[in-house]
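Below are the chains, spelled out letter by letter.
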Amino acid sequence: MGQKKDLTGSEKSKIVRYLAEGCSSLKIAKLLERDHRTIKRFIQNSQQGRKKRMEKPRRKITAHELRKVKRAAAKMPLATSLAIFQSCNITGVPKSTRCAILRDMAKVEKAERRPPLNKTHKLERQDWAKKYLKTDFSKVLWTDEMRVSLDGPDGWARGWIGKGQRAPVRLRRQQGGGGVLVWAGIIKDELVGPFRVEDGVKLNSQSYCQFLEDTFFKQWYRKKSASFKKNMIFMQDNAPSHASKYSTAWLARKGIKEEKLMTWPPCSPDLNPIENLWSIIKCEIYKEGKQYTSLNSVWEAVVAAARNVDGEQIKTLTESMDGLLLSVLAKKGGYIGR
C-alpha cells in the first residue's frame, strides 16, 4: 500500500463519515487504501483545531463595563473601537463584538471641517453682519468656484449592499484623473451659469477678469436692464485673484465698485449661500458612488444637475441670509453650521 502526500477533499469527507460511523483509523486506512499514518495525522490535526477553538470562548461584557465603554466613547470622539476598549482595560473582545456594542450607544462620524477663526476674524464677521443687516439680499449676486473630480469624495462611495451581492468595482487612478473648475452665481431665484474654467488655466487676477468678461458679463450681465445693474450687489470671496488691486480696479471699470461690491470677512465660506448649491450638485453627480471617465463627462453631469435645481431651491438659499446674519451676531462671529 503506497503512501501519498495529501488527502483529497473527497477522502477527507469519507474519513469524517467513517469516524461518525465508529470506524477506527486503521480500518479507515484500509478502506481508503491509504497509509495509516496519513489518516491518523489528519484526525489529530482536526481534533487540535476543534480544541483550540473551544479553548477561546467569546468574551462576555458586564453591565459595569458597558457603562465604562459609554463614558469612554463620550470622552474620546473619533477614537477607534480598540482604543475605547483599551482605555477601559477591557481586553480579549473581537472587533465585530466591539463594533456591535458601540453601535448601540454611538455612531461613526467624520470630523467636521471648519475655517480657522481667530478673535480678529470673529470681530470682522460681526462688523460685516451689522453692515449688511438691512440689505435687500434679493439684489445680491452670490458667486464662487467649485472643483469637481472624476471620482468624487472617497467617503461617498460607501453604501449598503444586499446579502449575496458584490460591491461595484471602482476605478483607481494614480493621479486622480484631474478635475474641472466651475464658476456660478445665484441671485434671488435665478442661477447664473454654471461656467467652466478652461482646462489648464490657473486663475490669477488677469485670467479671472478675462474669464468673467467672456462668461458672466457677455452671456448674462449685459442682457440685464439698467435698473437691475444699478441695484445689483456683486459678492465674491477673498481669494487672491478676486481681491487683488488689479481685479478690484477692473470691476470698478465695469461699474461694480464701492457699495455695489460687497466686502467679505476672512475665512467665511459658511456665510456664502452658494456653498449649499455646490452640495446639492455634488450629491446629484456622485450619487451611488458614480465615477466619470473624462473631464467632459463630469462637466456635462454638473450642467445637467444644475438644470434640475429649481428656482424655489435657490430662493430658499438666498432668503436664508437675514436669519444667518442674526446668527452671526448671536454667536459673536463664531462659525455658522448650515
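Structure report, in brief. Remember, it's a predicted structure, so these values are computed and weren't measured experimentally. (Residues numbered from 1 in each chain as written. Predicted model: local features only at pLDDT ≥ 70, side-chain atom pairs only at ≥ 80, totals over all residues. Heavy atoms only, no water.)

Overview of the packing of aromatic side chains
The condition that has to hold: Aromatic rings from Phe, Tyr and Trp, with only the six-membered ring used for Trp, were paired whenever their centres fell within 6.5 Å, and each pair was classed as stacked if the ring planes differed by under 30 degrees, edge-to-face if by over 60, and tilted otherwise. The helix and strand labels rest on DSSP assignments: H or I over at least four residues marks a helix, E over at least two residues marks a strand, and numbering proceeds from the N terminus. Three labels apply to residues, based on accessible area from a 1.4 Å probe with only protein chains included: buried if under 20% of the type maximum, exposed if over 50%, partly exposed otherwise in between. In this scheme, Lys NZ or Arg CZ marks a charge over a ring once it lies within 6 Å of the ring centre and within 35 degrees of the ring normal.
Within the structure shown, the criterion is met by 15 aromatic pairs. Centre to centre, the rings of Trp 128 and Trp 264 are 5.2 Å apart; their planes meet at 75 degrees, and the pair counts as edge-to-face. Here Trp 264 lies in the loop between α11 (245–253) and α12 (274–285) and Trp 128 lies in helix α7 (residues 119–131), a separation of 136 residues in the sequence. Here the aromatic rings of Tyr 286 and Tyr 292 are separated by 6.4 Å at their centres, their planes lie at 70 degrees, and the arrangement is edge-to-face. Its relative accessible area of 6% is what places Tyr 292 among the buried residues. Taken together, the aromatic side chains of Trp 183, Phe 195, Phe 211, Phe 216, Phe 217, Trp 220, Tyr 221, Phe 228, Phe 234 and Trp 250 make up a single cluster linked through ring pairs. A cation over an aromatic ring shows up here: Arg 17 above the ring of Tyr 18, its NZ or CZ 5.5 Å from the ring centre. A cation over a ring is seen here: Lys 224 above Phe 228, with NZ or CZ 5.3 Å from the ring centre.

Considerations on the side chain of Ser 244
What counts, and what does not: Under this definition, polar contacts are N or O atom pairs within 3.5 Å; protein pairs additionally need one hydrogen-donor-capable and one acceptor-capable atom, and for neighbouring residues in sequence, both atoms have to be side-chain atoms.
With respect to the secondary-structure elements, Ser 244 resides in the loop between α10 (240–243) and α11. Given a relative accessible area of 16%, Ser 244 falls into the buried group. Within the local environment of Ser 244, its side chain forms a polar contact with the side chain of Ser 205, the two groups lying 2.6 Å apart.

Looking at the layout of surface pockets
Our working rule: Two kinds of site are reported from a 1 Å grid over the protein atoms alone, namely cavities, where a 1.4 Å probe fits but cannot get out, and pockets, open sets with protein on both sides within 12 Å along at least five of seven lines, and residues are called lining when an atom falls within 4 Å of a point. Grid points are joined across faces, edges and corners, and a volume is the space filled by probe spheres set on the points. Ten residue types, Ala, Val, Leu, Ile, Met, Phe, Trp, Tyr, Cys and Pro, are classed as nonpolar, four, Asp, Glu, Lys and Arg, as charged, and the remainder, Gly among them, as polar.
Of the pockets and cavities examined, the largest pocket occupies roughly 1,000 Å³. Taken together, 23 residues make up the lining of the largest pocket; nearest its centre are Arg 113, Glu 275, Ser 279, Lys 282 and Tyr 335. Residue assignment for the lining of the largest pocket shows that the elements contributing at least two residues are β1 (140–149) and α12. Among the residues forming the lining of the largest pocket, the class breakdown is 9 nonpolar, 3 polar and 11 charged. The space that makes up the second largest pocket amounts to roughly 500 Å³. Taken together, the elements giving at least two residues each to the lining of the second largest pocket come down to α5 (81–87) and α6 (95–103). Counting residues per element, the lining of the second largest pocket draws most heavily on α6, at 4 residues. Looking at the lining of the second largest pocket residue by residue, the classes come out as 10 nonpolar, 2 polar and 5 charged.

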